[in-house]
Amino acid sequence: MTHGFPPPATGHVPVLRLGDVLLVTLQGDLHDSAAEQLQQDIGEAITRNRAAGVVIDLTGVEIVDSFLGRVLAEIAAKARLLAAETVVAGMRPAVAITMVELGLYLPGLRTALSTEDAMRLVGGGYADTVARPGGRRPGSP
Amino acid sequence: METAAGVEACLPIRSDMDLVWVRQHVRQAAAQLGFGLVDQTKLVTAASELARNTLVHGGGGRMEAAHVVRGRVNGLRLAFADDGPGIPDLDRALTDGYTSGDGLGMGLGGARRLVHEFAIDSAPGAGTTVTVTSWAVRPPHPREVV
Ligand SMILES: Nc1ncnc2c1ncn2[C@@H]1O[C@H](COP(=O)(O)OP(=O)(O)OP(=O)(O)O)[C@@H](O)[C@H]1O
Ligand SMILES: [Mg+2]
């Protein structure tokens, strides 16, 4: 198979901690097992960091199909059980239009236009500390 | 009209990595045939659903992509074929929310809404082929139902 472009980014998705918010930036095309791995990683990161919020940046995502949609919904549901709120940010208009036609509504997922808006929604002011990712929540190890 | 090189292909669907290649190929082919961004996104999403069904329910198979032309309009035809168990009840399978596994049951019915033409050929024990076609502009004929 000869494709005239580099293989898509499908590997491990880093989970960044900014204050008490976890920031996850999805890029390119995730294969299914990477999406499932991410779901597990986020759950563990919420517990470990006692995070209050999860922001998932979808700016770089070209499609959301039923599989990724379900993974996002399950991340939000699990986060809620751990008392953290999930916001997806930066969904492309073509992706949003397609999701509606596909029939994916993702109840329970809040959306924001930009990552900054999303950080503000879940972090209560932590958006301003984005430049200081080392900032620790009092009491965290 | 020139045939678009790089559109025609037969790709294996045997792993979730193959699903990535299927999506990439459909994206490239649709862009090359002049599909707009929203239509590209719809077709890639439909292809992702159908290819995953081929993998998960059909036990693996392949996608064949073909450039089709009607009048002066370019189209992309995608056939997802497997030799799996087949679909015993097509109406039920197409119903939103019906899943025989642990999915959302949105894939098949959703894919049908995302493309211009949609057909399923399946019989119990004889595998499944789902063929979809979309056109780079508004469909020249009304949407065809299964
Ligand atoms: N290629 C196939 N071979 C056999 N059965 C299939 C095939 N494609 C679909 N089906 C059947 O049709 C049902 C509905 O498919 P659909 O894609 O809508 O839902 P799903 O795959 O179960 O869940 P998801 O929402 O994650 O796609 C499947 O559960 C399966 O029983
Ligand atoms: Mg499916």
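Everything discussed here concerns the structure shown above.
About the thresholds
Residues numbered from 1 in each chain as written. Chains lettered and ligands numbered in written order. Predicted model: local features only at pLDDT ≥ 70, side-chain atom pairs only at ≥ 80, totals over all residues. Heavy atoms only, no water. Near = heavy atom within 4 Å. Polar contact = N/O pair within 3.5 Å; in protein donor to acceptor, adjacent residues only side chain to side chain. Areas by Shrake-Rupley, 256 points an atom, 1.4 Å probe, with all protein chains shown as cover. Helix = DSSP H or I, 4+ residues; strand = E, 2+ residues; numbered from the N terminus. Buried < 20%, exposed > 50% of the residue type's maximum accessible area, 1.4 Å probe, protein only. Pairing = 2+ DSSP bridges. Salt bridge = Lys/Arg side-chain N within 4 Å of Asp/Glu carboxyl O. Contact = heavy atoms within 4.5 Å. Buried area = accessible area lost by both parts, 1.4 Å probe. Nonpolar A, V, L, I, M, F, W, Y, C, P; charged D, E, K, R; others polar.

1. Focus: the site of ligand 1
Around ligand 1, the structure places 19 residues, and the nearest of them are Asn53, His57, Thr99, Ser100 and Gly105 of chain B. More than one chain lines the surroundings of ligand 1; the residues nearby belong to chains A and B. One of the backbone N or O atoms of Gly107 of chain B is found 3.2 Å from an oxygen atom in ligand 1. If ligand 1 stood free it would expose 600 Å²; the protein chains cover 92% of that surface. Secondary-structure elements contributing two or more residues to the shell around ligand 1 are helix H2 (37-56) and helix H4 (107-114) of chain B.

2. With respect to the pairing of strand E5 (residues 128-135) of chain B
Residues and elements named next belong to chain B. With six of its eight residues buried, E5 lies for the most part within the structure. Summarising the sheet, strand E3 (residues 73-82) and E5 pair through eight bridges and their orientation is antiparallel. If you follow Phe80 over to E5, its bridge partner there is Val130. Counted between consecutive antiparallel strands, the loop separating strand E4 (residues 117-122) from E5 contains five residues, among which Gly125 sits at a positive phi close to 80 degrees.

3. Some remarks on the pattern of salt bridges
Considering all chains together, one arrives at twelve salt bridges over all chains under this definition. When the shortest N-O distance is used, the salt bridge between Arg27 of chain B and Glu62 of chain A registers 3.5 Å. Highlighted residues: Arg27 of chain B in helix H1 (residues 16-32) and Glu62 of chain A in the loop between strand E3 (53-60) and helix H2 (66-81), drawn from two different chains. With a relative accessible area of 14%, Arg27 of chain B lands in the buried category. With relative accessibility at 38%, the residue Glu62 of chain A sits in the partly exposed group. We note a salt bridge from Arg70 of chain B to Glu117 of chain B, for which the minimum N-O separation is 3.3 Å.

4. Structural notes on the environment of Leu68 of chain A
All names here are of chain A. Tracing the sequence through the fold places Leu68 in helix H2. The spatial distance from the C-alpha of Leu68 to the C-alpha of Ile46 is 20 Å, given a sequence separation of 22 residues. Those residues within four positions of Leu68 in sequence are excluded, and the remaining contacts are Leu30, Ala35, Val61 and Ile63.

5. Let's talk about the interface of chain B and chain A
Every contact between the two is made by 28 residues of chain B and, on the other side, 26 residues of chain A. Of the roughly 2500 Å² buried at the junction of chain B and chain A (both faces included), carbon and sulfur atoms supply 62%. Contact with chain A buries surface across chain B, with Asp16, Trp21 and Leu104 of chain B losing the most and accounting together for 21% of the total. Across the chain B-chain A interface, the total number found is seven salt bridges. Residues Arg52 of chain B and Asp32 of chain A are paired through a salt bridge, measuring 2.8 Å at the closest nitrogen-oxygen approach. The tally of links from chain B across to chain A stands at 13 residue pairs in polar contact (both at pLDDT 80 or more). Sorting the residues of the side of chain B that touches chain A by element identifies H1, H2 and H4 of chain B as the ones contributing at least two each. Among the elements that make up the side of chain B that touches chain A, the one with the highest residue count is H1 of chain B (ten residues). Residues that form the side of chain B that touches chain A fall into these classes: twelve nonpolar, eight polar and eight charged.

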